[in-house]
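Coordinates in review
Spelled out, the chains give:
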Amino acid sequence: MSESAQPATPVTFPPAFLWGAATSAYQIEGAVREDGRTPSIWDTFSHTPGKTAGGETGDIAVDHYHRYRDDVALMAELGLSAYRFSISWSRVQPTGRGPAVQVGLDFYRRLVDELLAKGIKPAVTLYHWDLPQELEDAGGWPERDTAFRFAEYAQIVGEALGDRVENWITLNEPWCSAFLGYASGVHAPGRTDPVASLRAAHHLNLAHGLGTTALRSVMPARNTVAISLNSSVVRPLSQTPADLAAAQKIDDLANGVFHGPLLKGAYPQTLLDATSSLTDWSFVEEGDLRTIHQPLDALGLNYYTPTLVSAADETVQGPRSDGHGASAHSPWPGADDVAFHQTPGERTEMGWTIDPTGLHELIMRYTKEAPGLPLYITENGAAYDDKPDPDGRVHDPERVAYLHGHLSAVRRAIADGADVRGYYLWSLLDNFEWAYGYEKRFGAVYVDYATLARTPKSSALWYGRAARSGTLPDIDTA
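Residues numbered from 1 in each chain as written. Predicted model: local features only at pLDDT ≥ 70, side-chain atom pairs only at ≥ 80, totals over all residues. Heavy atoms only, no water.

1. Considerations on the packing of aromatic side chains
Applied cut-off: Pairing of aromatic rings covers Phe, Tyr and Trp, the last counted by its six-membered ring, and requires centre-to-centre distances within 6.5 Å; plane angles under 30 degrees mean stacked, over 60 mean edge-to-face, and any other angle means tilted. Helix and strand definitions follow DSSP, with helices as H or I runs of at least four residues and strands as E runs of at least two, each counted in order from the N terminus. Only protein chains enter the area calculation, which uses a 1.4 Å probe; residues under 20% of their type maximum are buried, those over 50% are exposed, and those in between are partly exposed. A positively charged side chain is recorded as over a ring if its NZ (Lys) or CZ (Arg) lies within 6 Å of the ring centre. The angle to the ring normal must also be within 35 degrees.
Summed over all chains, the structure comprises 33 aromatic pairs. Taking the centre distance of 6.4 Å and the plane angle of 20° together, the rings of tyrosine 26 and tryptophan 434 count as stacked. Taken together, the residues span a long stretch of sequence, with tyrosine 26 in helix 1 (residues 25-28) and tryptophan 434 in the loop between strand 11 (420-426) and strand 12 (445-447) at a distance of 408 residues. Exposure remark for tyrosine 26: the relative accessible area of 4% places this residue in the buried category. A relative accessible area of 4% places tryptophan 434 in the buried class. Geometrically, the ring pair formed by tryptophan 175 and phenylalanine 179 is tilted, given 5.8 Å between the ring centres and 40° between the ring planes. One end of the pair, tryptophan 175, and the other, phenylalanine 179, are both in helix 8 (residues 174-182), four residues apart, so they sit about a helical turn from each other. Here the guanidinium or amino end of arginine 365 rests over the ring plane of tyrosine 366, the centre of that ring lying 5.9 Å away.

This is the structure we're talking about:
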């Protein structure tokens, strides 16, 4: 087909396309000591001096635990059709073992009922990084037992909410849990052991497999189970063999370590070879890969910026400036011979380059690697230095342009044959941004941290018009 004969990108999105927003429990709920909740690794980490910007914590966050009805009403006013939120494991199962605390589950029952009453489809994420501290004290994700504890927790939540929630996600960004939590130490629990990080990655995969089985054992067959991966779009600095090898190594550590067993039932041999000086992978036991490699109902993709790498030369002291926080320890086990580079172009407040072509590339990659598997963009968004004007309005034209560009990339992927069924903007609300504290604002809704008042930014209003119409309004209408 000639270039001029290429089909035009459709003006509208499919009628059933979900227009959503996403959050996570520790970043928004607050109420960390109420109704039986006990500390998670993020409570411990954020209360450890020097671990977060300004020593800030999620103790109050944006108080969603007490303000959820107002927040759901705001979603409805904006016209959202879906909302992805996570469950606080230690609010439901405080020690990570044993029976649930019903008052903890009741909060999520009320939240789900409120969403359904407003015509908003809930999507539950079971794990968004907040492991109960007692499980970390017992060894955390590097220990095999944690995967079995997760399955027990998944069954508890599935029994409680599976009659009303159809869309389920086991884990959010297990790469961050494994490698930022246990290798570079910039995320909770703050450990810096590369072998532990690889063990954690496998046990997170195993937790997904066991959790999927547990969910399906207690939920209606109509419900879907997925996982959300922050799969990286890894690009070599040049086409030299050394740079191509560097890109392969990072692609294995960022992507293959998860989608290999999930989609193909095996870890990439190149990954095993690259990390053989660290571990023989004997923690992968007989039957594990079968447990992990079971049919997914959908795959969630989280995308923010591409990754540009090359082979390191003698001036580079291992992989740094990779966009994942400052640390003397690398989150890339066995990849000290790889250098990271800033991709060209405009950047967000996180220092991440804005490149919607990466999202299109990512979608098409998984369309090819997992044909027939429905895809959701479960996170995409940008941090900017948003401030109210003298009239109290919050104009964020940069975020509007960001959303327009990335949603256009999604629309183009659909036109190219991808089965993308929804988009969840990150994030609904300004919130506790992990080690960055409250410095980075990702929300479409501005939160005054002194009063906790919510103000929809111009991007929220623009996105709401897109959600209601199924088309992308012009940028200059925001």
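2. Details of the sheet that holds strand 7 (residues 299-302)
Spelled out, the test is: Here the rule is simple: two strands pair whenever DSSP picks up at least two bridges between them. Each axis is a line fitted through C-alpha atoms, taken for helices only over the stretch in contact, and angles between the N-to-C directions span 0 to 180 degrees. By definition, residues are in contact when any of their heavy atoms lie within 4.5 Å.
Strands sit in the order 1-2-3-4-5-7-10-11 around a closed barrel of eight strands; the barrel is parallel. When the angles between neighbouring strand axes are averaged without regard to direction, this sheet yields 25°. Pairing of strand 5 (residues 224-229) with strand 7 involves two bridges; the strand directions are parallel. Within strand 7, the residue paired with serine 228 across the bridge is glycine 300. Taken strand by strand, helix 9 (residues 194-218) contacts strand 3 (121-127), strand 4 (167-172) and strand 5, and its axis lies near 160° from that of strand 4. Contacting strand 7, strand 10 (375-380) and strand 11, helix 13 (residues 356-369) crosses the sheet at an angle of about 150° to strand 10.

3. Side note on the packing of helix 3 (residues 64-78) against helix 5 (residues 102-117)
Rules: Any angle between 65 and 115 degrees counts as roughly perpendicular, while under 35 counts as roughly parallel, over 145 as roughly antiparallel, and the rest as oblique. When the near helix sits turned anticlockwise from the far one by under a right angle, the crossing is termed left-handed; a clockwise turn instead gives a right-handed crossing.
Their axes nearest at 9 Å, the elements helix 3 and helix 5 cross at an angle of 15°. With respect to each other, helix 3 and helix 5 are oriented roughly parallel. As for the relative orientation of helix 3 and helix 5, their crossing is right-handed in sense. Across the interface between the two elements, His64, Tyr65, Tyr68, Arg69, Val72 and Met75 from helix 3 touch Val103, Phe107, Arg110, Leu111, Glu114 and Leu115 from helix 5.

4. Looking at unusual backbone geometry
That bond from alanine 188 to proline 189 is cis: its omega, 5°, falls within 30 degrees of zero. As for its placement among the helices and strands, proline 189 is situated in the loop between helix 8 and helix 9. Tryptophan 426 connects to serine 427 through a cis peptide bond whose omega is 5°. Position of serine 427 relative to the elements: it lies in the loop between strand 11 and strand 12. One non-glycine residue, tryptophan 281, adopts positive backbone phi at about 60°.

5. Observations concerning the environment of methionine 75
Here methionine 75 shows up in helix 3. Distance from methionine 75 to glycine 30, taken between C-alpha atoms, is 19 Å for residues 45 residues apart in sequence. Non-local contacts of methionine 75, meaning those with residues more than four positions away in its chain, are made with Leu80, Tyr83, Leu115, Ile120 and Leu428.

6. A word on helix 7 (residues 145-161)
Quick reminder: α-helices carry 3.6 residues per turn. Residues three or four places apart thus point the same way. Put simply, the rule reads: Expected helix span is computed as 1.5 Å times (number of residues minus one).
Here helix 7 contains 17 residues, and its C-alpha end-to-end distance of 25 Å stays within 8% of the 24 Å for a straight helix at 1.5 Å per residue. Taking burial as the measure, the 17 residues of helix 7 include twelve buried ones, the bulk of the element. Listing the buried residues of helix 7 in full gives Thr146, Ala147, Arg149, Phe150, Ala151, Tyr153, Ala154, Ile156, Val157, Gly158, Ala160 and Leu161. The inward-facing, buried residues of helix 7 abut helix 4 (89-92), helix 5, strand 3, helix 6 (133-137), strand 4 and helix 9.

7. Description of the side chain of arginine 149
Residue placement: arginine 149 occurs in helix 7. Residue arginine 149 is classed as buried on the basis of its relative accessible area, which comes to 17%. With sequence-adjacent residues up to four places away left out, arginine 149 is seen in contact with Trp89, Gln93, Gly96, Arg97 and Leu135.

8. Structural notes on the sheet that holds strand 9 (residues 338-341)
Ordered in space as 6-8-9, the three strands form an open sheet in which the pairing is mixed. Looking at which strands have only one partner, the edges of the open sheet turn out to be strand 6 (234-236) and strand 9. Taking the axes of each pair of neighbouring strands and ignoring which way they run, one obtains an average angle of 40° across the sheet. Note that strand 8 (residues 307-311) and strand 9 share four bridges and pair antiparallel. The residue bridging serine 310 from the neighbouring strand is alanine 339, located in strand 9. With respect to the sheet, helix 10 (residues 241-264) is in contact with strand 6, strand 8 and strand 9, its orientation differing from that of strand 8 by roughly 130°.

9. Some details on the UniProt feature "active site" (unreviewed entry) in the protein chain
The criterion, for reference: UniProt positions are given in the numbering used here, feature names are shortened, and annotations may be inferred rather than shown by experiment.
Summarizing the sequence annotation, UniProt attributes the feature "active site" (unreviewed entry) to Glu173 and Glu379 in the numbering used throughout. Judged by maximum C-alpha separation, these annotated positions cover 207 residues in sequence but sit close together in space, the widest gap being only 10.1 Å. Excluding residues within four positions of it along the chain, glutamate 173 makes contact with Trp129, Ser228, Asn230, Asn302, Tyr304 and Glu379. The topology assignment puts glutamate 379 in strand 10. For glutamate 379, a relative accessible area of 4% gives the class buried. The residues touching glutamate 379, leaving out its near neighbours within four places in the chain, are Arg84, His128, Asn172, Glu173, Leu301, Asn302, Tyr303, Tyr304, Tyr424 and Trp426.

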